[in-house]
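Read off the chains here:
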Amino acid sequence: MKKTTKKGILATALTLMMVTSAACGSNGGNNSNNTPADSAAPSNAAAGNNGGAASGDEPVTLTIAWWGSQPRHDATLKAIDQYKALHPNVTFQTQFSGWDGYYDKLAVQYSAKNAPDIIQMDAAYVNDYAGRGLLADLKDLNVADIDPATVDGGKVNGTLYAMPLGVAALGMVYDKTVVEKLGLTAPTFGWSWDDLFAFGEAAKAKLGKDKYVMVDQSADLVDYTSYQYSQGKGYIFDADGNLAIDKATWTDYMTKMGELRKKGILTPADITTTDKELDPQLDSVINGTAVLRHTFSNQVSAMEALKPGAFEYASMPKGTESGGWLKPGMFWSVNAQSKQQAEAIKFVDWFINNEEAGKTLALTRGTPVSSKVIATLEPTFSDADKVSLDFINKVAPDAQAFINDPKGWGTFKNDYKTVVEKLQFDQSTPEEAYDELMKIAAKYAEEAKK
């Protein structure tokens, strides 16, 4: 019932958005659960540079929303303070939250014509929001120092609607203190699925009953996407935006995951469903319940802060091809309904290109996309930052293509999670789960045509 309600809210709100006039502006929105950053910033055309403050501009209020960990939150607020020092006529109203519920709230805000001016956007939703005319064209951004392939990650039909602030590599993290104590051969970059399964068997034999080798992340669509890529079956959506999960590959993968659960190599369902990444108490690798999980390179600093010196990193396992990719992320978009589009775009330009902002943000939003910002940061990199950059450099040579989810599929990952959780609790079989997925996919495909 919860799944239907959430999806229903989103669908209704998105429908209402289409009725609203694109000329209607954000009024700053309600500030429930917001963290105030009320000061101000004069905007000028050189916002992307390191110039001084402008003066004499009219007062401007910009509402900005994002999600993420506490270190990311703190760094973002500090960067906003830097911008305000340069632009004292701009006042910010900040809306910070966790991932859960972020897009439900955003859809409702759009329907009420009070969505934020500046919005952290995710790859799963770029096509959806851009396709409905809800995101502004960012053609005026300075992208001269950014890899064109990274910029393309935020484009829809050739138009830039979401600008990535950072790039991160998909791989794995493991507790090296446990691996060393047990005398195991450590995971590494370039290892295979057979290596992973062998590691699981060897580690479980030494861990005992109440400890597990891997967090069961099979309900995360990222995990299966990596597996299908590694088996040479391509991405999970085809060129026309249709779901392209290969049945034989999917059922083989889910059958194997079931076997690993029964052996106690994967965390059991009750632990899996309460696991929360980067939570000091609930992250199963941080709290010592499991040894290994998938992660992105931009999370290295947070991991190290929670358990200094405990972790090492590896790639996603290979099959006939690699299983990892570089993900442009921490996208920033501007609300097409905003009355302050020009000012909002100036801030996004500054956020991406300003070297002092880059120092403040460091790698909390992934490795910066601007080559100038990277050059400025490298001499100051912490050990964790160097590990994160090395992580990216090792995944990059054979990285798979990063592809945004097609229009209308932004919430599919939530339905996917629900279906796979039934497998984790032994309430379904891989074949039954696949059939259920296809029925759900048919509904998404139908909605995407509207």
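Because the structure is a prediction, the values reported are computed rather than measured.

S.K.: Hey, could you run me through the sheet that holds strand β11 (residues 331-334) in this one?
M.R.: What links the strands of a sheet is backbone hydrogen bonding, and the strands pair in either a parallel or an antiparallel sense. Taken in spatial order, the four strands of this open sheet run β2-β1-β3-β11, and their pairing is mixed. Each end of this open sheet is capped by a strand with a single partner; those strands are β2 (90-97) and β11. Recorded for the sheet is a direction-independent mean angle of 25° between the axes of neighbouring strands. Strands β1 (60-67), β2 and β3 (118-121) of the sheet are contacted by helix α2 (residues 70-86), whose axis makes an angle of about 175° with β2. Running over the sheet, helix α3 (residues 102-111) touches β1, β2 and β3 and is turned about 145° from β3.

S.K.: What exactly am I supposed to notice about the pairing of β2 here?
M.R.: Of the strand pairs in this sheet, β1 and β2 are connected by eight bridges, and their pairing is parallel. Note that in β2 the partner of Thr 61 across the bridge is Thr 91.

S.K.: Can you help me understand empty space enclosed by the protein in this one?
M.R.: Regions of empty space are outlined by a rolling probe, equal in size to a water molecule, passed over the atoms. One pass over the structure, following the stated rule, counts two cavities of 30 Å³ or more. Every element with two or more residues in the lining of the largest cavity is listed here: α7 (193-207), α9 (247-262) and β8 (290-296). Of the residues forming the lining of the largest cavity, the biggest block, three residues, is contributed by α9. Residue composition of the lining of the largest cavity, by class: eleven nonpolar, three polar and three charged. Taken as a whole, the second largest cavity encloses approximately 80 Å³ of empty space. If you trace the second largest cavity, you find it lined by Leu 165, Phe 351, Ile 352, Gly 358, Leu 361, Ala 362, Arg 365, Gly 366, Pro 368, Val 369 and Val 373.

S.K.: I tried to follow α9 on my own but got confused; where do I start?
M.R.: An α-helical turn contains 3.6 residues, so a residue and the one three or four places further along point in the same direction. With 16 residues, α9 extends 23 Å between its outermost C-alpha atoms, agreeing within 8% with the 22 Å of an ideal straight helix rising 1.5 Å per residue. Along α9, the positions that sit buried rather than exposed are Thr 249, Trp 250, Thr 251, Tyr 253, Met 254, Met 257, Gly 258, Leu 260 and Arg 261. Against α7, β7 (212-214), α8 (221-230), α16 (412-424) and α17 (430-448) lie the buried residues of α9. Residue Gly 264 follows α9 closely and has a positive phi angle near 80°.

Quick notes on the rules
- Residues numbered from 1 in each chain as written.
- Predicted model: local features only at pLDDT ≥ 70, side-chain atom pairs only at ≥ 80, totals over all residues.
- Heavy atoms only, no water.
- Pairing = 2+ DSSP bridges.
- Helix = DSSP H or I, 4+ residues; strand = E, 2+ residues; numbered from the N terminus.
- Axes fitted to C-alpha atoms, helices over the stretch in contact; angles between N-to-C directions.
- Contact = heavy atoms within 4.5 Å.
- 1 Å grid on protein atoms, 1.4 Å probe; cavity = no way out; pocket = protein on both sides within 12 Å on 5 of 7 lines; lining within 4 Å.
- Points joined across faces, edges and corners; volume = space filled by probe spheres on them.
- Nonpolar A, V, L, I, M, F, W, Y, C, P; charged D, E, K, R; others polar.
- Expected span 1.5 Å × (residues − 1).
- Buried < 20%, exposed > 50% of the residue type's maximum accessible area, 1.4 Å probe, protein only.

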